Amino acid sequence: MASQPDKANDATRVFISYSRSDQDRVDLITDALSADGKFQVYIDQSDILPSEEWKPRLEKLIRASDAVVFVLSPRSVASEVCDWELACATEMSKRVIPLVIEEADGPVPDALSRLNYLFADAGRDFDEAMGALKSTLNTDIDWLREHTRMGELADRWQKVEELGVQPLRGRELEAAELWMLQRPFSAPEPTSAQRKYIYDSRKLASRRQRWAISGALSLTGVLAVMAAFAWTQRTAAIEGQEKAEAALREANRAARTMTQDLAADLQASRVPRAMVRSILEKSLELQDSLTENFPDDVPLQKTQMTSRVLVAKVLEQQNDDASALDTYRQALDTAQRLAALPDATINTKSYIPLIWMHIGALHMSRDEYPDAQEALSRSVELYRGTPDGQDMDRTRRFRLAEGLTFLATTYLNTAQYAEADTMLAEAVMHYRELIATTSSDPSIYEDWPHTLRLAAQAKHGIGDANAAEALYIEAVEAGRRVFEKDQNNSRAGDAFLSALSDLGDFRIRQGKPAAAEVFFREALQVAKDGFEVDQTDVSTIEAYTVMLDRVSKMAEDRGNIRDALDLKLEALDLERGLLAGDPKNVDRMSGVQYLLGQIGYLYVRLYEPNNAIDFLQASLDALANLSVHLKGDQFVARFDMEETLVRALYSNKEPERARDLNDQLRADVKEKIAAFPDDLTLTRYLAMAAMADANHLADAKKKDEALPLLRESVKYFGALHSNEGNPVAYGRDYQIALNQLGNVMIQLEQPQEALSVLEQAREVIDEVVARNPDNDLWQHDIYVTLRYQAAAYEQLGELSNAYDKRLEVVELLEDLISRSPEKIAWIEDLVRATDEFAMLHFNNNYYEDSASLFETLMTVSQDFLEQFPGNQTFTFYRQDSQEYLALSLGGWSDQLLLEKEFGEAVETAERALQLKPDDLVIKSFLANAYMLNGNTAQARSLYLSHRGAVFESGLTWEDSVRSDFKVLQSNGLARPLMDEILSSLEDG
């Protein structure tokens, strides 16, 4: 589990791993870190007592540190103690920061080779280097390059998609709703089971709208009220007629008041369900007793009817649906008897459609849609009728709009969008007329945003995207107006939150994640404000956790995994608090289990496998406990967690445990396939299991062994994709598997075979993109395929094709980033792609072009670093592009000499040397340029001052000069100085 920060000491604790031979340089580094008081430095010289055994003590220091700085030099790389310290840090999953003070002569340990380096070597500005180190120490380091990022996004998409086939409870609802809303119009509808789970959760949410009260109703108080009620009834039975009439009126008033007060108090109280039911039944029994004594008394029967409606609502909120339905029907019988009386008023008759509406809403919450539609249709038809040719009054119009909205919801839930659209269009019309003629009555405005949202969903369902967008926007504006008038109104707050969330979802479907996040973040702030006002209200906490989860997903999709994790951790704390208050609540258990799994997945993406393993295992344990309370085997959720845990174990260098779990996962999946042969989604786990093992083998440089597993993964995903008959279904998974296979083929130097596989990958993703060309995420999928195709063409020597692919990659990413500039991961991709394009020019001696690209790369990397301080990708490419810009300028200056552009060659080489002042190759280019340009003294000084120097290749300075002179002479560029220099070099 993630450790809690030490509040007593918030300094960043840094362990320095170094060679004693580098003591002087390390002292400077230690002093620089300790000077500002923000870092507590652990080093073996000052922190280990002479009598202590060094290994246990060092191990404690490393364990206590927040980060390990490995001072990299030829001495530390060769040190056994440093190697042991590095192994300890790696085993503990500590953040390791390689700080180069001198380049190593030979290979560096594998644990360092995968990381981005910081440099504090001679010739660099020390203060600048320390500033970069301090910034990095307070920023989380990505342990591995995000080369599998596209695979992670696709896997995340598939996870969200698959949540729809398992029972949805708690926070799982949000992921499934998002999946359903993102369905392209031409794609198959979600299954009825998926729809059922989504609306089950909506039902539970609507049931839990409770308001806090200052105290629970005492049983003593209830009994006192009932005793007074019984006394009033007795008086009515034994006194004279006049007193009896007065007593009856008082009894009726007392009955009505008592039941209403009881219902209101019990609705919000924590009185046990059985006691609530007992109290309300006694209240109704007293009313029934009165009615038996006075069977013809209409006011008494009205009280009896309205009391039953109130009691039914409380029973419904107590999840006693069967009793609530019986009570509603008893109330309906009374209402129909009253309406049949000769002198029945319109007001009396209006109870019948109202009770039908309550019955229909209850059936709808139970997914009993035919019964719901029958009851709600009766309610709507009764409200539509205007007796005696009168105009429809305001109350009747409002109830009709409400009934139409309920009825339309049943059709939305069964994907009958045309029917829902017709009803909602009528409901919207009635609401507009009410708003136009009514300046008050908050109930109208509270329900208005909800109806607009549903109308937008119906328009979306029939394919009218423009009308849907207009209605979603209107719903947000209506919700904002109501909420700003009364921010303490929880119903208005819920309507505003829902409208913001729906518009955010719509923007996601449009491929506009940045616009979506604006609405989600506003919804999060509304939910947070409500939570801060009352941190005990369950519905407020639920709304806040839902929005934390939603905004977390947006941050994750944007590539800001740390922010996503922080939001998920906050949501988990809240969900655990709810579970602690209601430990047997299955929804709470499910919410905690879901968040544990999601946090584990985010730790996988942050390359923090220890934390990932802890949270994923906790999620699996919670799921095992949850399965005891749920119907059916929760194997899909379990497989999801186990598949992610396999990746975490591989990342944590626990291959044996990972393989064992993966083998068990395969066996369990095959068993489920035998039991559920029509469930194609199970095959996906076999594909993912094969890919997980293959990726580990590829990372371990066992690519020959990885190849057949990748072919197996491709086979499974290909079969799934073909069986669905829908390019989107499993299309992205299939493309990723093909990309992985093509990449390994390239590494095995099989470029022609790789191109064939990658062409297939491009065809698959093109089919996916064709379904929704505005979806930026799908457009981005093309990037990986293009990148691998370019690498294959380079390997084949087909440079023209390679250039075309590299250019297409850069242009594609630039276009995507122009639309989604907040996507940090995509910006990192663009920086990498620009570097690869520049290196293609450099490796093929097109130095002028490579210099231009590296200069651009250096500039943009610096710009991005200012926006995202401490980002390791931008830090690396800013340094790397500077070095290759210098080499490109040097090579270009050499080409300018052959073109006899001597002055320009001098300027170009001098610029190169400014960027890389100690580079012998650049100095040789500059010496030649000076000589040919007539700068004889400067040329002589450079040629002679480096006698005895040796290049990295092993070539001596003297041999390099002789070789250069021969090339120049063969191109007609002989100079008298050459003989003098050669003679001096030989004499030297």
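What you are looking at is a predicted structure, and each value in this text was computed from that prediction instead of being measured. (Residues numbered from 1 in each chain as written. Predicted model: local features only at pLDDT ≥ 70, side-chain atom pairs only at ≥ 80, totals over all residues. Heavy atoms only, no water.)

**Student:** Quick question: what am I supposed to make of the overall build of the protein here?
**Tutor:** When helices and strands are tallied, the protein shows 44 helices and 5 strands. Here the protein holds 988 residues, and 55% of them are scored as buried. Partitioning the intrachain contacts of the protein with sequence separation of at least 6 by distance along the chain shows that 66% fall at a separation of at least 24. A total accessible area of about 43100 Å² is found for the protein, and carbon and sulfur atoms account for 49% of it. (Helix = DSSP H or I, 4+ residues; strand = E, 2+ residues; numbered from the N terminus. Buried < 20%, exposed > 50% of the residue type's maximum accessible area, 1.4 Å probe, protein only. Contact = heavy atoms within 4.5 Å. Areas by Shrake-Rupley, 256 points an atom, 1.4 Å probe, with all protein chains shown as cover.)

**Student:** Would you mind showing me how to read the side chain of R806 here?
**Tutor:** Mapped onto the elements, R806 comes out in helix α36 (residues 799-819). Residue class for R806 comes out buried when judged on its relative accessible area of 8%. For R806, the residues in contact, after removing those within four places along its chain, are R787, A790, A791, E794, E836, F837 and L840.

**Student:** It is not clear to me how the pairing of strand β1 (residues 12-17) should be interpreted in this structure. Could you clarify?
**Tutor:** Regular strands have side chains that alternate between both faces of the sheet. Of all 6 residues in β1, 5 are buried; the element is thus mostly enclosed. Inspection of the sheet shows β1 paired to strand β2 (residues 39-42) by 4 bridges, in the parallel sense. Within β2, the residue paired with V14 across the bridge is V41. For the segment spanning β1, helix α1 (residues 23-35) and β2, crossover handedness is right-handed. Strand direction decides the pairing type here: β1 and strand β3 (residues 67-72), joined by 4 bridges, are parallel. Counted as the bridge partner of I16 is V69 from β3. (Pairing = 2+ DSSP bridges. Right-handed = clockwise from strand over helix to strand, strands pointing away.)

**Student:** In this structure, what is going on with the sheet that holds strand β5 (residues 118-119)? I would like to understand it.
**Tutor:** Within a sheet, adjacent strands bond to each other through the backbone by hydrogen bonds, running parallel or antiparallel. Strand order in this open sheet of 5 strands is β2-β1-β3-β4-β5, and the pairing throughout is parallel. Each edge of the open sheet carries a strand with a single partner, namely β2 and β5. Across 6 bridges, β3 lies against strand β4 (residues 95-100) in parallel orientation. Bridge assignment links L72 to a residue of β4, and that residue is V100. Along the sheet, helix α7 (residues 126-137) contacts β1, β2, β3, β4 and β5; its crossing angle with β4, the most-contacted strand, is approximately 175 degrees. (Axes fitted to C-alpha atoms, helices over the stretch in contact; angles between N-to-C directions.)

**Student:** For this particular structure, what's the right way to read the side chain of E517?
**Tutor:** Within the secondary structure, E517 is located in helix α24 (residues 513-533). Among the residues examined, E517 registers a relative accessible area of 8% and is labelled buried. If near-sequence neighbours (up to four positions away) are discounted, E517 is found in contact with M554, A555 and R558.

**Student:** For this particular structure, what's the right way to read the pairing of β3?
**Tutor:** Within β3, 6 of the 6 residues are buried, leaving the element largely enclosed by the surrounding structure. Judged by which residues are buried, β3 turns out to be covered on both faces: A67, V69 and V71 on one side and V68, F70 and L72 on the other are all buried.

**Student:** Teacher, can you tell me more about the pattern of salt bridges here?
**Tutor:** Any two side chains of opposite charge can pair if their charged atoms end up close together. The tally for this structure, following the rule as stated, stands at 42 salt bridges. Put simply, R378 and E374 hold a salt bridge, and the shortest N to O gap is 3.3 Å. Linking R378 with E374, this pair stays in helix α18 (residues 369-384), spanning 4 residues, or about one helical turn. With relative accessibility at 40%, the residue R378 sits in the partly exposed group. Residue R384 pairs with E381 through a salt bridge whose shortest N-O separation is 2.6 Å. Of this pair, R384 and E381 are both found in helix α18, 3 residues apart, which corresponds to roughly one turn of the helix. Residue R384 is classed as partly exposed on the basis of its relative accessible area, which comes to 33%. Judged by relative accessible area, E381 falls into the partly exposed class, the value being 48%. (Salt bridge = Lys/Arg side-chain N within 4 Å of Asp/Glu carboxyl O.)

**Student:** It is not clear to me how the packing of aromatic side chains should be interpreted in this structure. Could you clarify?
**Tutor:** For any pair of aromatic rings, the description consists of the separation of the ring centres together with the inter-plane angle of the planes. Per the counting criterion, the structure on display carries 19 aromatic pairs. Judged by centre distance (5.6 Å) and plane angle (70 degrees), the rings of F842 and Y847 are edge-to-face. Both residues of the pair, F842 and Y847, count as buried. Look at F868 and F874: their rings are 6.1 Å apart centre to centre, the planes differ by 35 degrees, and that puts the pair in the tilted class. Taking relative accessible area as the criterion, F874 reaches 0% and is therefore assigned buried. A network of ring pairs unites the aromatic residues F635, F639, F676 and Y685 as a single cluster. In this arrangement the basic side chain of K715 is found over the ring face of Y716, its NZ or CZ atom lying 4.9 Å from the centre. Positioned over the ring face of W826 is K823, at 4.9 Å from the centre of the ring. (Phe/Tyr/Trp six-rings, centres within 6.5 Å; stacked < 30°, edge-to-face > 60°. Lys NZ or Arg CZ within 6 Å of the ring centre and 35° of its normal.)

**Student:** Explanation requested: the environment of A129 in the structure shown.
**Tutor:** Take A129: it is sitting in helix α7. With a relative accessible area of 8%, A129 lands in the buried category. If we ignore the near neighbours within four places in the chain, the residues touching A129 are F119 and A120.

**Student:** Help me understand the packing of helix α35 (residues 776-796) against helix α37 (residues 824-843) in this model?
**Tutor:** Packed helix pairs are characterised by how far apart their axes lie and by the angle those axes make with each other. With their axes 12 Å apart at the nearest point, α35 and α37 run at an angle of 20 degrees to one another. Between α35 and α37, the angle falls in the class roughly parallel. In this structure, α35 meets α37 at a crossing whose hand is left-handed. Seen from α35, the contacting residues are D776, L777, H780, Y783, R787 and E794; seen from α37, they are W826, D829, E836 and L840. Class assignment for the residues of the contact of α35 with α37 results in 4 nonpolar, 1 polar and 5 charged. (Parallel < 35°, antiparallel > 145°, perpendicular 65-115°, else oblique. Left-handed = near helix turned anticlockwise from the far one by under 90°. Nonpolar A, V, L, I, M, F, W, Y, C, P; charged D, E, K, R; others polar.)

**Student:** Honestly, helix α31 (residues 681-699) in this entry has me stumped. Any pointers?
**Tutor:** Every α-helix carries 3.6 residues per turn, so stepping three or four residues along brings you back to the same face. In this model α31 runs 28 Å from its N-terminal to its C-terminal C-alpha over 19 residues, within 8% of the 27 Å that 1.5 Å per residue would give. Across the 19 residues of α31, 17 count as buried, placing the element largely inside the fold. One or two residues past the end of α31 sits K701, with phi positive at roughly 60 degrees. (Expected span 1.5 Å × (residues − 1).)

**Student:** I keep staring at the nonpolar core and nothing clicks. Help me out?
**Tutor:** Membership of the largest hydrophobic core comes to 111 residues, with the highest contact counts inside it found for F717, M931, Y943, W957 and F965. Of all the elements, α37 adds the most residues to this core, at 11 residues. Among residues more than four places away in sequence, those in contact with M931 are A939, Y943, F965, L968, R975, L977 and M978. Formed by 91 residues, the second largest nonpolar core is a distinct cluster that contains A455, F506, L548 and L574. (Core = buried A, V, L, I, M, F, W, Y, C linked by side-chain atoms within 4.5 Å.)

**Student:** Just checking my understanding: could you explain the confidence of the model for the protein for this structure?
**Tutor:** Regions with low pLDDT carry predicted coordinates that are not meant to be interpreted in detail. Looking at the protein, the pLDDT average stands at 80 and 80% of residues meet or exceed 70. The low-confidence segment residues 199-234 (pLDDT under 50) makes 66 contacts with residues lying over four places distant or belonging to another chain. (pLDDT = per-residue confidence, 0-100.)

**Student:** How do you make sense of α18 when you look at a structure like this?
**Tutor:** Look at α18: 22 Å from first C-alpha to last across 16 residues, which is about the 22 Å you get at 1.5 Å a residue. Every buried residue of α18 is accounted for by Y369, A372, Q373, A375, L376, S379, V380 and Y383.

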